[in-house]
Amino acid sequence: PVITNPFVVLHAISSLIVQGRNRQGETMLGKLCDFLRTALGSDPKGSISLGEELETLQNYLEIEAIRFDDRLTIEFDCPNDLLDLTVPNFILQPLVENAIKHGVAPTSRPVTLRVAGRSDGQQLVLLVEDDGGNGAARPGPGGTGVGLENVRRRLDVLYGDAAALETEAGPKGFRSTVRIPLATRPLELVA
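A short tour of the structure in this document, coming up. Source: prediction; values computed, not measured. (Residues numbered from 1 in each chain as written. Predicted model: local features only at pLDDT ≥ 70, side-chain atom pairs only at ≥ 80, totals over all residues. Heavy atoms only, no water.)

Turning to unusual backbone geometry, a few remarks are in order. Non-glycine residue Asp-69 carries a positive phi angle of around 55°. In this structure, Asp-69 sits in the loop between α3 (50-68) and β2 (72-77). In this structure Asp-69 comes out as partly exposed when scored by relative accessible area, which is 43%. We note that Phe-90 has phi near 55°; this positive angle belongs to a residue other than glycine. Mapped onto the fold, Phe-90 is located in the loop between β3 (86-88) and α4 (93-104). (Helix = DSSP H or I, 4+ residues; strand = E, 2+ residues; numbered from the N terminus. Buried < 20%, exposed > 50% of the residue type's maximum accessible area, 1.4 Å probe, protein only.)

And the structure:
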């Protein structure tokens with residue numbers, strides 16, 4: 001999984017250059033290269049540490065922060081003791097992309113996108129939420145989007161009933177919550 005539509009990012013870089021904002025265009029291009037290097041060099045069926053997953057998301061969101069300028073505020077909230085836990089590669093990427101596509105892009109007002117992790121008993125709880133307006137206009141609790149369905153399928157294949165993706169649309173945005181078993185060793189994937 002990589003950026004759903006890399007042409008949007010390339011167009012944003014081109015626009016920055018045309019506007020004479022060469023430094024921002026150069027920064028955005030560098031961040032895109034870093035992100036693609038990570039994405040293309042990783043095993044999409046593999047697992048990584050939560051810290052690596054969050055670092056990859058941060059690289060992606062730095063690209064989007066340049067694109068949306070001061071309309072996007074990004075918050076990460078995860079205790080350090082969870083960063084070595086194992087998660088599926090790019091499990092949060094589609095959820096973050098949905099937040100950008102449906103929560104940030106359609107509005108002209110500032111939006112906060114928050115990515116958080118916490119433990120709850122024997123589960124790792126990962127949250128992606130935005131306050132980008134009318135979340136009710138987005139896929140509902142069952143989700144109808146391809147990204148949401150792909151995440152649900154991956155969780156089902158990897159963990160069966162021990163994992164879940166929950167979504168919640170509200171008047172001030174949208175929340176996606178991934179629940180997976182706590183693990184500090186690589187996942188054993190179904191062939």
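Moving on, we get to the sheet that holds strand β5 (residues 123-130). Here we have five strands laid out as an open sheet, ordered β2-β4-β5-β7-β6, and mixed in their pairing. Each having just a single partner strand, β2 and β6 (164-170) make up the two edges of the open sheet. Taken pair by pair, the neighbouring strands of this sheet meet at an average axis angle of 10°, ignoring direction. In the sheet, β6 pairs with strand β7 (residues 173-181) via seven bridges, with the strands oriented antiparallel. Across the sheet, Leu-165 pairs through a bridge with Val-178, a residue of β7. Against the sheet, α3 contacts β2, β4 (111-120) and β5, and its axis sits at roughly 170° relative to β2. With respect to the sheet, α4 is in contact with β2, β4, β5, β6 and β7, its orientation differing from that of β4 by roughly 150°. (Pairing = 2+ DSSP bridges. Axes fitted to C-alpha atoms, helices over the stretch in contact; angles between N-to-C directions. Contact = heavy atoms within 4.5 Å.)

This paragraph deals with the pattern of salt bridges. Applying the stated criterion across every chain yields a total of eight salt bridges. The shortest N-O distance in the salt bridge between Arg-114 and Asp-77 comes to 3.1 Å. On the criterion of sequence distance, the pair formed by Arg-114 in strand β4 and Asp-77 in strand β2 is long-range, its members being 37 residues apart. Its relative accessible area of 23% is what places Arg-114 among the partly exposed residues. Of the residues examined, Asp-77 reaches a relative accessible area of 40% and is grouped as partly exposed. Residues Arg-114 and Glu-129 are paired through a salt bridge, measuring 2.8 Å at the closest nitrogen-oxygen approach. Here the residue Arg-114 occupies a position in strand β4, and Glu-129 occupies one in strand β5, the gap between them amounting to 15 residues. When its relative accessible area of 17% is taken as the criterion, Glu-129 is described as buried. (Salt bridge = Lys/Arg side-chain N within 4 Å of Asp/Glu carboxyl O.)

Grouped together as the largest cluster of nonpolar side chains are 45 residues, with contacts concentrated most on Leu-92, Val-115 and Leu-155. Of all the secondary structure elements, the ones that give two or more residues to this core are α1 (6-18), α2 (22-40), α3, α4, β4, β5, α5 (146-159) and β7. At eight residues, the largest contribution of residues to this core is made by α3. Dropping the residues within four chain positions of it, Val-115 is found in contact with Leu-54, Leu-57, Leu-61, Glu-75, Phe-76, Asp-77, Leu-92, Val-96, Leu-127 and Val-128. (Core = buried A, V, L, I, M, F, W, Y, C linked by side-chain atoms within 4.5 Å.)

Two packed helices can be described by the angle between their axes and the distance between those axes. Where α4 contacts α5, the two axes come as close as 9 Å, and the packing angle between them is 160°. Overall, the two elements α4 and α5 adopt an arrangement that is roughly antiparallel. In the packing of α4 onto α5, the handedness of the crossing is left-handed. Residues Pro-94, Leu-95 and Asn-98 of α4 lie in contact with α5, whose contacting residues are Gly-147, Leu-148 and Val-151. When the residues that make up the contact of α4 with α5 are grouped by side-chain class, the tally is four nonpolar, two polar and no charged. (Parallel < 35°, antiparallel > 145°, perpendicular 65-115°, else oblique. Left-handed = near helix turned anticlockwise from the far one by under 90°. Nonpolar A, V, L, I, M, F, W, Y, C, P; charged D, E, K, R; others polar.)

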